[in-house]
Amino acid sequence: MFRARTRVATAHTTHQTDCMTETESIAYDVVVIGGGPVGENVADRTRAAGLTTALVESELLGGECSYWACMPSKALLRPVIAQADARRLPGLAQAVQGPLDAPAVLARRNYFTAGWKDDGQVGWLEGTGAVLYRGQGRLAGPRTVTVTGPDGTVTTLTARHAVAVSTGTRAQLPDLPGLAEVKPWTSREATSAQAVPGRLIVVGGGVVATEMATAWQALGSRVTMLVRGKGLLNRMEPFAGELVAEALTEAGVDLRTGTSVESVSRENGTVVAVTSAGDRIEGDEILFATGRVPHTDDIGLDTVGLEPGSWLDVDDSMRVTGTDWLYAVGDVNHRALLTHQGKYQARIAGAAIGARATGGTVAEEPWGAHAATADHHAVPQVVFTDPEAAAVGLSLAEAEQAGHRVRAVDVEFSSVAGAGLYGDGYKGRARMVVDLEDEILRGVTFVGPDVGELIHSATVAVAGHVPVGRLWHVVPSYPTLSEVWLRLLEAYRDN
Ligand SMILES: Cc1cc2nc3c(=O)[nH]c(=O)nc-3n(C[C@H](O)[C@H](O)[C@H](O)COP(=O)(O)OP(=O)(O)OC[C@H]3O[C@@H](n4cnc5c(N)ncnc54)[C@H](O)[C@@H]3O)c2cc1C
């Protein structure tokens, strides 16, 4: 558990040049590549386990989530959702009929990204005792990482126990004629733009596309959504996408499903997208929210026998298959591309690295501290649209595909007294998927205003394998949205 400094001559290969540089090799117990929310948490946990830890970050400490994803997108959406909630309430609706103050919303979003500066997070990391290296981290063989700093200096780090890769993802762009010249928006521009485009074309129908269409339409853009599939949010129960699509259309979004983009161009400043239906859609900007690719093409995977550009396969302790020292944590392992799930994996990986480093055993049982078993059956997700869509575990179709004998039970939120208090326009639906073998829940989905705050109750039930019979004794407060649980249990009992 000490930090050794030795001077050695090391051969380095950067992506620009091959050169022989004399440099320091610095030894740590653990080296983490990528300082997003996940890498930060790995470092925090390995420090808590008493291990010396270096963390390498090439951009901003805090990662995509803090500056171009979770935080700025939710900062944009919060006023949008609050305004929609207020407009459903007689007595309040009249007071909030005007448009949002877009410059103020954007300014508040800027505040949440700390103006794209990471000083606060650097202070936090220093407090953990981990050492920050600024630059591009690359594997250079087993347990060895080179860091190419902003000035080109190469530093070599060696890891006594583990290297953890937490380099995340970036937006995937389709291979379309004319795309580069158009300068399309990705999630980065969609979350950091400083002005509201008059017309915005959104390509995609997943979480980023629906959230950003919700935000920018409410901020004043005229949004056209081009969705290749039949509907939105196709990883959730079908009614989630249907209710969100209905609301987006009511809000003024021109939603076109079953449509793909064939080509794009920019003519006198205007973006023109030609669709498979032969339509020419014009916009001031075009956002491609068409998936993510792993940040693994330039991290030296080939030096340890792995495929550059690939997602990294891991076991439940986040150790990369076929190695005893390399971990891949967060988005980069493709188990669940969500911050909370990545941070959970980080806690598990940090504990497992700590246990292995000190000669302890790593317990793999489902309730243990060293196995991220929730990734397999109890991942929660909230889509911050209006209405919100929140789900945990498996959808009905997924449960059936997995071979479970299940029954789905649906109720409308109109049967819940607490929902009525939200106003006349409250529309929403809930589904629980019950495993008929042992009467536990395989999955739960809620759609409706404010259901994001309800999903954790379902996560406890799904992750904890709480039997339906026991749920009758989990009494929800009156009159809250949580009483939807009673309606679900009654519907299960009565049908
Ligand atoms: C628009 C949008 C909204 C989202 N909203 C939510 C949400 O509300 N809730 C939620 O749970 N999830 C959300 N997500 C997903 C969430 O952003 C990711 O799951 C999360 O950021 C993953 O964290 P990570 O640490 O694995 O990767 P990242 O956050 O991508 O961080 C990776 C870090 O590694 C660094 N890095 C990469 N390569 C190198 C290298 N070679 N050397 C050094 N450093 C390197 C990067 O600079 C970056 O800082 C959203 C995603 C998007 C795109």
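Quick note: structure is the one above.
Residues numbered from 1 in each chain as written. Predicted model: local features only at pLDDT ≥ 70, side-chain atom pairs only at ≥ 80, totals over all residues. Heavy atoms only, no water.

**Q** Looking at this structure, I do not really get the overall build of the protein. What am I missing?
**A** Within the protein one finds 16 helices and 22 strands. For 495 residues, the compact-globule estimate of 2.2 N^0.38 gives 23 Å, and the protein sits close to it at 24 Å. Viewed in the frame of its principal axes, the protein has a C-alpha envelope of about 70 × 65 × 40 Å. Of all intrachain contacts in the protein linking residues separated by at least 6 positions in sequence, the fraction that spans at least 24 positions is 63%. Of the roughly 21,600 Å² that the protein leaves accessible, carbon and sulfur atoms contribute 52%. Of the charged side chains in the protein, 42 are positive and 58 negative, and the gap between their average positions amounts to 2 Å. (Helix = DSSP H or I, 4+ residues; strand = E, 2+ residues; numbered from the N terminus. Rg over C-alpha atoms; globule rule 2.2 N^0.38 Å. Contact = heavy atoms within 4.5 Å. Areas by Shrake-Rupley, 256 points an atom, 1.4 Å probe, with all protein chains shown as cover. Lys, Arg positive; Asp, Glu negative; His and termini not counted. Charge placed at Lys NZ, Arg CZ, Asp CG, Glu CD.)

**Q** What am I meant to see in the state of the cysteines here?
**A** Chemically, a disulfide is nothing more than a covalent bond linking the sulfur atoms of two cysteines. Applying the stated rule across the entire model yields 1 disulfide. Two residues share a disulfide in this structure: C65 and C70, whose sulfurs sit 2.4 Å from each other. With the S-S bond torsion at -125 degrees, the cross-link from C65 to C70 turns out left-handed. (Disulfide = S-S within 2.5 Å.)

**Q** How do you make sense of the site of the ligand when you look at a structure like this?
**A** Close to the ligand lie 36 residues; E57, K74, G137, D331 and T339 are nearest. E64 is positioned with one of its backbone polar atoms (N or O) 3.1 Å from an oxygen atom of the ligand. Coverage of the ligand by the protein amounts to 92% of the 990 Å² it exposes when considered alone. Elements with a minimum of two residues in the shell around the ligand: α1 (37-48), β3 (53-57), α2 (63-68), α3 (70-87), β5 (136-139) and α10 (339-357). Broken down by class, the residue content of the shell around the ligand amounts to 12 nonpolar, 18 polar and 6 charged. (Near = heavy atom within 4 Å. Polar contact = N/O pair within 3.5 Å; in protein donor to acceptor, adjacent residues only side chain to side chain. Nonpolar A, V, L, I, M, F, W, Y, C, P; charged D, E, K, R; others polar.)

**Q** Help me understand the side chain of R431, please; the structure alone is not making it clear to me.
**A** Counting through the fold element by element, R431 comes out in strand β21 (residues 429-435). According to the relative accessible area criterion, R431 is buried, its value standing at 14%. Looking at R431, its side chain comes within polar contact range of the side chain of D410, at 2.7 Å. The contact partners of R431, leaving out residues within four places of it in the chain, are E237, F239, L396, A408, V409, D410, G443, V444, T445 and L488. (Buried < 20%, exposed > 50% of the residue type's maximum accessible area, 1.4 Å probe, protein only.)

**Q** Is there a simple way to think about the pattern of salt bridges in this case?
**A** Close approach of charged atoms allows side chains with opposite charge to pair. Tallied over the entire structure, the rule returns 28 salt bridges. Salt-bridge contacts for E211 lead to K74; the nearest nitrogen and oxygen are separated by 2.7 Å. Here E211, found in helix α8 (residues 207-219), pairs with K74, found in helix α3; they are 137 residues apart in sequence, far enough to count as distant. When its relative accessible area of 5% is taken as the criterion, E211 is described as buried. Looking at K74, the relative accessible area reads 24%, which means it is partly exposed. Here R431 ties to D410 by a salt bridge, and the two come within 2.7 Å at their closest N and O atoms. One end of the pair, R431, is in strand β21; the other, D410, is in strand β20 (residues 406-412), and 21 residues separate them in sequence. Because the salt bridges share partners, they merge into one network encompassing R199, E267, R280, E282 and D284. (Salt bridge = Lys/Arg side-chain N within 4 Å of Asp/Glu carboxyl O.)

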